[in-house]
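Listed below, chain by chain, are the residues.
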Amino acid sequence: MELTATTPAVRRDADGMAVASFVLGLLGLLVLNLFLGPVAIVLAGLALRRGTGRRGRALLGLGLGVADLVVLAVLVSMDGTVSWGLAG
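Residues numbered from 1 in each chain as written. Predicted model: local features only at pLDDT ≥ 70, side-chain atom pairs only at ≥ 80, totals over all residues. Heavy atoms only, no water.

The next thing to look at is the packing of aromatic side chains. The final tally for this structure, using the stated rule, is 0 aromatic pairs. The cationic tip of Arg 57 hangs over the ring face of Phe 22; the distance from NZ or CZ to the ring centre is 5.6 Å. (Phe/Tyr/Trp six-rings, centres within 6.5 Å; stacked < 30°, edge-to-face > 60°. Lys NZ or Arg CZ within 6 Å of the ring centre and 35° of its normal.)

On to helix 3 (residues 55-79). Its 25 residues place the ends of helix 3 36 Å apart at the C-alpha level, agreeing with the 36 Å of an ideal helix rising 1.5 Å per residue. By the burial criterion, the buried members of helix 3 are Ala 58, Gly 61, Leu 64, Gly 65, Asp 68 and Leu 72. Residue Gly 80 follows helix 3 closely and has a positive phi angle near 80°. (Helix = DSSP H or I, 4+ residues; strand = E, 2+ residues; numbered from the N terminus. Expected span 1.5 Å × (residues − 1). Buried < 20%, exposed > 50% of the residue type's maximum accessible area, 1.4 Å probe, protein only.)

This part is about the confidence of the model for the protein. The share of residues in the protein with pLDDT of 70 or more is 80%, and the mean pLDDT across the chain is 82. Within the protein, the lowest mean pLDDT, 85, falls on helix 1 (residues 8-28), and the highest, 91, falls on helix 2 (residues 33-49). (pLDDT = per-residue confidence, 0-100.)

Counting 5 residues, the largest nonpolar core is built from Met 17, Ala 18, Leu 43, Ala 47 and Ala 58. Among the secondary structure elements, those contributing two or more residues to this core are helix 1 and helix 2. Ignoring sequence-local partners within four residues, the contact set of Ala 47 consists of Ala 14, Met 17, Ala 18, Thr 52 and Ala 58. (Core = buried A, V, L, I, M, F, W, Y, C linked by side-chain atoms within 4.5 Å. Contact = heavy atoms within 4.5 Å.)

Helix length check: helix 2, at 17 residues, gives a terminal C-alpha distance of 24 Å against a target of 24 Å (1.5 Å per residue), a fit within 8%. Asn 33, Leu 36, Gly 37, Ala 40, Leu 43, Ala 44 and Ala 47 are the residues of helix 2 that are buried. The buried residues of helix 2 all sit within an arc of 135° when viewed along its axis, so they share a single face. Facing away from the buried side of helix 2 by over 90 degrees, the exposed positions are Leu 34, Phe 35, Val 42 and Arg 49. At the C-terminal side of helix 2, Gly 51 shows a positive phi close to 75°. (Arc of directions from axis to C-beta.)

Let's shift gears to the environment of Gly 56. You can see Gly 56 is positioned in helix 3. Put simply, Gly 56 and Ala 18 are 38 residues apart on the chain and 8.5 Å apart in space, counted from C-alpha to C-alpha.

Take the packing of helix 2 against helix 3 next. Helix-helix packing: each pair is described by the crossing angle between the helix axes and the interaxial distance. Running from N to C, helix 2 and helix 3 cross one another at 155°; their axes reach a closest spacing of 8 Å. What the angle tells us is that helix 2 and helix 3 run roughly antiparallel. Two packed elements cross with a definite hand, and for helix 2 against helix 3 that hand is left-handed. Contacts between helix 2 and helix 3 pair Asn 33, Leu 34, Leu 36, Gly 37, Pro 38, Ala 40, Ile 41, Ala 44, Ala 47 and Leu 48 from the former with Arg 55, Ala 58, Leu 59, Gly 61, Leu 62, Gly 65, Val 66, Asp 68, Leu 69, Val 71 and Leu 72 from the latter. (Axes fitted to C-alpha atoms, helices over the stretch in contact; angles between N-to-C directions. Parallel < 35°, antiparallel > 145°, perpendicular 65-115°, else oblique. Left-handed = near helix turned anticlockwise from the far one by under 90°.)

Now the structure itself:
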């Protein structure tokens, strides 16, 4: 049996990836954005490629993953170091 995007197991996995992408992207805005941002982007891309039923959630995860990296870049450029912290 060949697994296609219409197979319920593949669709369920893609939906799970979309939700995980959203959650990790949201969490990445607060902590570990260097790690969680790219993971959210990859999961969102995989979910969209596999035809998730939660397309909006995957797109939000993609946007949040990119936002994670943008926040990291801004905070690092303000501080001038490779790491950052809100405590000053």
